[in-house]
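Next come the chains, spelled out residue by residue.
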Amino acid sequence: MPQWSDNLVNYYGVKLPLTIGPLIAAVGFIPLAIPGINACYWIAFFPAIVVLAFGIKISVAPLTKILFGTVRQSQTSVACGINNAISRTAGLIAIAIFNIFVFNGFNYSLDQRLAKLNLSDQILSILEKQRINLAAAKIPDYITISEQLKNGLEQAIALSYVDSFRLIMFIGAVLALLSAIVGFLTINEP
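Residues numbered from 1 in each chain as written. Predicted model: local features only at pLDDT ≥ 70, side-chain atom pairs only at ≥ 80, totals over all residues. Heavy atoms only, no water.

A. Main features of the side chain of Ser-59. Here Ser-59 shows up in helix α3 (residues 41-69). On the basis of relative accessibility, which here comes to 10%, the residue Ser-59 falls in the buried class. With sequence-adjacent residues up to four places away left out, Ser-59 is seen in contact with Pro-17, Leu-18, Gly-21 and Pro-22. (Helix = DSSP H or I, 4+ residues; strand = E, 2+ residues; numbered from the N terminus. Buried < 20%, exposed > 50% of the residue type's maximum accessible area, 1.4 Å probe, protein only. Contact = heavy atoms within 4.5 Å.)

Here it is, written out as structure tokens:
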């Protein structure tokens, strides 16, 4: 039994789903950039993830139709293998590139926040070694600091991580939007 996304392709062709799907996905990324530190998953994240998944689901069937529509029947298994290999490789590359943005975004935000706390060189040196841990960065227990400063540091670290997460969500939204534009401009159907 065909799935509803297959029916969309059969009824509308591939251009419309490959334009609308990424647009919906872009809309799903935006609310993911809004929540703060202690946001409730079911209110802040779940609805946005449903919208994002819906947009991706609309996009999968037309991509598959384009892929298998361009190869001979005898080569579909080879095309499937190549598609899977490219998909997995692209995922790995995306993770590596997004990690660069996360790390640099986190460090930029943390630098801005730490500058306002007037920290000693010792604490700054310890935090420098902890940056690689991102949100898990912390001041070791053997360092004596006031509770207020400890809370300020924890808040700076947490908010810096949220800033880097937001950056990735906005990048995802822009990439999904660009995907919709490319689909709209490049796919020509009779």
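B. Molecular detail of a nonpolar patch on the surface. On the surface, a cluster of nonpolar side chains totalling about 1,200 Å² of accessible area is made up of Tyr-11, Tyr-12, Leu-16, Ile-20, Leu-23, Val-174, Leu-175, Leu-177, Leu-178, Ile-181, Phe-184 and Leu-185. When residues of the nonpolar patch are traced back to their parent elements, those giving at least two are α1 (4-12), α2 (15-32) and α6 (147-186). With seven residues, the top contributor of residues to the nonpolar patch is α6. Position of Leu-177 relative to the elements: it lies in helix α6. Judged by relative accessible area, Leu-177 falls into the partly exposed class, the value being 40%. (Patch = residues over 30% accessible without salt bridge, like charges linked within 9 Å, V, L, I, M, F, W, Y side chains within 5 Å. Areas by Shrake-Rupley, 256 points an atom, 1.4 Å probe, with all protein chains shown as cover. Salt bridge = Lys/Arg side-chain N within 4 Å of Asp/Glu carboxyl O.)

C. Quick look at the nonpolar core. Leu-114, Ile-123, Leu-127, Ile-139 and Leu-153 are the most contacted members of the largest nonpolar core, which totals 29 residues. Per element, the largest residue contribution to this core is eight residues, and it comes from α6. Residues within four places of Leu-114 in sequence aside, it is in contact with Leu-119, Leu-124, Leu-127, Arg-131, Leu-153 and Ala-156. In terms of nonpolar packing, the next biggest core, distinct from the first, is built from five residues, Val-14, Leu-18, Ala-61 and Ile-187 among them. (Core = buried A, V, L, I, M, F, W, Y, C linked by side-chain atoms within 4.5 Å.)

D. Spatial organisation of unusual backbone geometry. Unlike most non-glycine residues, Asn-118 shows phi in positive territory, near 55°. With relative accessibility at 73%, the residue Asn-118 sits in the exposed group. If you check the backbone angles, Leu-134 has positive phi at about 50° while not being a glycine. Structurally, Leu-134 is set in the loop between α5 (121-130) and α6.

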